[in-house]
Amino acid sequence: MSEKPEPVDYTYTPIGTIHSPFKDIVGMPIQPTGARGIRGTIEIRSDLKGGLADLERFSRIILLYSLHRCTGYSLKVSPFLDPTPHGIFATRSPKRPNAIGFSIVRLVGIDDCTLTIEDVDILDGTPLLDIKPYVPAFDSYPDERSGWLGAVAHNAQHAKSDDRFQ
Ligand SMILES: C[S@@+](CC[C@H](N)C(=O)[O-])C[C@H]1O[C@@H](n2cnc3c(N)ncnc32)[C@H](O)[C@@H]1O
C-alpha cells in the first residue's frame, strides 16, 4: 500500500501591495466586471523591478493576492449572487481554505515600481502574491459551462459585497 504524503505548508512573500479606493470589504464590487474604470495602483517591491520588463505591452494582467482580511472558512457558502449554498470551490467567495484572490485587471501604465490598473475589485492594502500576463489565447474559453453561475454571472456588473464573509 502506498503511503499518503504528509501535507506541506508553503509560505509566500508578497511581491507588492495593491491600493484601491475600497477601505471596507462591505459595499464594494464583487468582480472586475462590476468595477469597470475604477482605478487602483500596485507598488511592486523595488528589488523585483527588473521583473516588470515587457509587461507594459500587455493590456490586461492576472493578479493573485492574499484575501488578507478573511479568517476561517465554511465548505458550503451562500455566495453573493445566489441564496442557495454551494461548495466553496464552486464559488469565488473570499473565505476559503487558502484565501487567495484572482482578478484580471486592465493595465493602464507602469512608472518605475508603480503600476496603474483599472477594474479593481480588491481592498486597499491587499498583499500581492504574483502577476501574470493575461493572454486570451491561453486564458479565454467563452463557450465552456459556468455551472450555477451561468444564469447569474452578469449580475456581478451591479452587485456589491455585503458583510456575509466578514
Ligand atoms: C467575491 S471576492 C472575488 C475576488 C476575486 N475577483 C476572485 O474571484 O477571486 C471579492 C470580494 O472580496 C472581498 N475582498 C476584497 N479584497 C479583500 C481582502 N484583501 N481581504 C478580504 N476580503 C477582500 C470584498 O468584499 C470583495 O467584494
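About the thresholds
Residues numbered from 1 in each chain as written. Predicted model: local features only at pLDDT ≥ 70, side-chain atom pairs only at ≥ 80, totals over all residues. Heavy atoms only, no water. UniProt positions renumbered as here; feature names shortened; annotations may be inferred. Helix = DSSP H or I, 4+ residues; strand = E, 2+ residues; numbered from the N terminus. Near = heavy atom within 4 Å. Polar contact = N/O pair within 3.5 Å; in protein donor to acceptor, adjacent residues only side chain to side chain. Areas by Shrake-Rupley, 256 points an atom, 1.4 Å probe, with all protein chains shown as cover. Pairing = 2+ DSSP bridges. Axes fitted to C-alpha atoms, helices over the stretch in contact; angles between N-to-C directions. Salt bridge = Lys/Arg side-chain N within 4 Å of Asp/Glu carboxyl O.

In the annotation of an unreviewed UniProt entry, the entry for the protein chain reads TsaA-like domain-containing protein, and the organism field reads Methanoregula boonei.

Asks: Got a minute to help me understand the UniProt feature "domain: TsaA-like" (unreviewed entry) in the protein chain in this structure?
Replies: What UniProt calls "domain: TsaA-like" (unreviewed entry) maps, in this numbering, to residues 12-143. Between the end C-alpha atoms of residues 12-143 there is a gap of 34 Å, over a span that is 3% helix and 35% strand.

Asks: What should I look at first to understand the site of the ligand in this one?
Replies: Residues in contact with the ligand amount to 21 residues; listed here are only the nearest, I25, P29, R92, D121 and T126. Within the backbone of P29, a nitrogen or oxygen atom sits 2.8 Å from an oxygen atom of the ligand. R92 is positioned with one of its side-chain polar atoms (N or O) 2.9 Å from an oxygen atom of the ligand. Coverage of the ligand by the protein chains reaches 97% of its 600 Å² of free accessible surface. The element contributing the most residues to the shell around the ligand is strand β6 (residues 100-111), with three residues.

Asks: Would you explain the sheet that holds strand β1 (residues 16-19) in this entry?
Replies: Strand pairing in a sheet relies on backbone hydrogen bonds. The paired strands run either parallel or antiparallel. As summarised here, the arrangement of the six strands in space is β1-β2-β7-β6-β3-β8, forming a closed barrel in which the pairing is antiparallel. Strand-to-strand twist across the sheet, computed as the mean angle between neighbouring axes with direction ignored, equals 45°. Two strands pair when backbone bridges link them, and strand β3 (residues 60-66) and β6 are joined in this way by seven bridges, in the antiparallel orientation. When the sheet's bridge partners are listed, I62 is paired in β6 with I104.

Asks: Is there a simple way to think about the pattern of salt bridges in this case?
Replies: Pairs may arise between side chains of opposite charge once their charged atoms sit close together. Following the criterion strictly, the structure yields nine salt bridges and no others. A salt bridge links D124 to K23, with the nearest nitrogen and oxygen atoms 3.1 Å apart. With a gap of 101 residues between them, D124 in the loop between β7 (114-118) and β8 (126-133) and K23 in the loop between β1 and β2 (39-44) connect regions that are remote in the sequence. Residue R39 pairs with E118 through a salt bridge whose shortest N-O separation is 3.0 Å.

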